[in-house]
Amino acid sequence: MLSYSQSWEDVSALKDALRVTPDDTVLSITSGGDNALALLLGGAARVVSVDVNPAQNHLLELKLAAARSLGYEEFIAFLGVENSKERMALAKRVLPLLSQGAREWFTSHLALIERGVIHAGRFERFLDVFRRFGLPLAHSRKEVEAFLASPTLEEQRDFFHRVWDSPRWRLLFSVFASRPVLARFARGPGLFAHAREGSVAKEFLARFARVAESLPLRDNYFIHYCLTGRYGSVLPPYVREENFETLKRLPPDVLALVSEDLVSFLAREPVGSFSKWNLSDVFEGFSEEENARVWVEIVRTSRPGAVVAYWNNLVPRSFPAELADKIADDVPGAADLHARDRVFFYGSFHRNVIAAV
């Protein structure tokens, strides 16, 4: 099963944190694959994209194969960025480019392609249910469009307090963002295994308010998708027309896909393999002991000066104290990037620099 068919980490924060160069080999958690492609578009020499769920890597492979085999308008229609009734016909040109494992997987899951793969993940389908059955009970389509089209931040903030942040909105949001509902329909119970006690819904409601009050929504394709099922006028980097020819012409050896848990994979990698790291919120599901083990491997397989970027959602995780002499924590820089993060889910963003091996 696809857990996510899009990447739900702000690539702007990631790119500013990592500042990839043509000398960089990046390890990236695959998730929806969008950010692995964005890092390659940003100039990384090579990205090793790792996910314990093979379906996530199959999705990334499909997205890149679609770019290589289709024209731009066909590409965005095939993915689901635009409406289309031709996806199954386009799939006949895309699927032959896939590895055998990915081709067999998608051949047995053609309904995901017909839906538009960016809408096919478990989390994205949960958002679709929220939009269809929850959101209309709190806000009309006209109110949603007005909120997202606010011409200035001041007007957006005023609309949020005057219209959007109503008792009905808070109630419905609290139901859909409750721990039992998210665990059952959106994320899976394992990702709450180490989360602290307290109201998950209350925490997410406050985080949504922070973004609504402090960042423009007009160009926030994450919020646009959550509330409308569309990206709006601004698209993720890998589906922007100005990046399409570069994406289409990426050499085949610049992206490696690894379907394995992170610790097992890193244990076999040589010292100094990676210079940049996009770790999403991978630490969320780790116990403190597992967290410590993976950080030992991160340090061992990093080049001196390597930069590690990651998010915390509901579980506060960082490198263990015994590695503090090998890792510098860029707290001010990470806090500034988090303040500009367009995804409201996360509690914090982190930028660490490996000082020594």
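Residues numbered from 1 in each chain as written. Predicted model: local features only at pLDDT ≥ 70, side-chain atom pairs only at ≥ 80, totals over all residues. Heavy atoms only, no water.

Colleague: Looking at this structure, I do not really get the overall build of the chain. What am I missing?
Modeller: On a plain count of helices and strands, the chain comes out with 18 helices and 7 strands. Its C-alpha radius of gyration of 20 Å places the chain within 12% of the 21 Å reference for a compact globule of 357 residues. Its C-alpha atoms give the chain principal-axis dimensions of roughly 55 × 50 × 35 Å. Counting across all 357 residues of the chain, residues that qualify as buried make up 57%. Put simply, of all contacts in the chain between residues at least 6 apart along the chain, 75% involve residues at least 24 apart. Here the chain has roughly 15,100 Å² of accessible surface; of this, 56% comes from carbon and sulfur atoms. Taking the average place of the 43 positive charges on the side chains of the chain and the average place of its 45 negative ones, the gap between the two points comes to 4 Å. (Helix = DSSP H or I, 4+ residues; strand = E, 2+ residues; numbered from the N terminus. Rg over C-alpha atoms; globule rule 2.2 N^0.38 Å. Buried < 20%, exposed > 50% of the residue type's maximum accessible area, 1.4 Å probe, protein only. Contact = heavy atoms within 4.5 Å. Areas by Shrake-Rupley, 256 points an atom, 1.4 Å probe, with all protein chains shown as cover. Lys, Arg positive; Asp, Glu negative; His and termini not counted. Charge placed at Lys NZ, Arg CZ, Asp CG, Glu CD.)

Colleague: Please explain the packing of helix α8 (residues 122-134) against helix α14 (residues 221-228) as it appears in this structure.
Modeller: When two helices pack together, you describe them by how their axes are tilted relative to each other and by the distance separating the axes. Relative orientation of the contacting elements α8 and α14 amounts to 60°, with a least axis distance of 7 Å. What the angle tells us is that α8 and α14 run oblique. Each of Glu-124, Leu-127, Phe-130 and Arg-131 in α8 lies in contact with α14, whose residues at this interface are Tyr-225, Cys-226, Leu-227 and Thr-228. Class assignment for the residues of the contact of α8 with α14 results in 5 nonpolar, 1 polar and 2 charged. (Axes fitted to C-alpha atoms, helices over the stretch in contact; angles between N-to-C directions. Parallel < 35°, antiparallel > 145°, perpendicular 65-115°, else oblique. Nonpolar A, V, L, I, M, F, W, Y, C, P; charged D, E, K, R; others polar.)

Colleague: Would you take a moment to explain the nonpolar core for this structure?
Modeller: Burial of nonpolar side chains together is a common tendency in soluble globular proteins. Within the largest apolar cluster, 104 residues are counted, with the highest numbers of intra-cluster contacts made by Trp-8, Phe-75, Phe-78 and Trp-164. In contact with Phe-78, not counting residues within four places along its chain, are Leu-62, Ala-66, Leu-70, Arg-87, Leu-90, Ala-91, Val-94, Ile-113, Gly-116 and Val-117. Ranked by size, the runner-up nonpolar core spans 25 residues in total, among them Val-50, Leu-266, Leu-279 and Ile-327. (Core = buried A, V, L, I, M, F, W, Y, C linked by side-chain atoms within 4.5 Å.)

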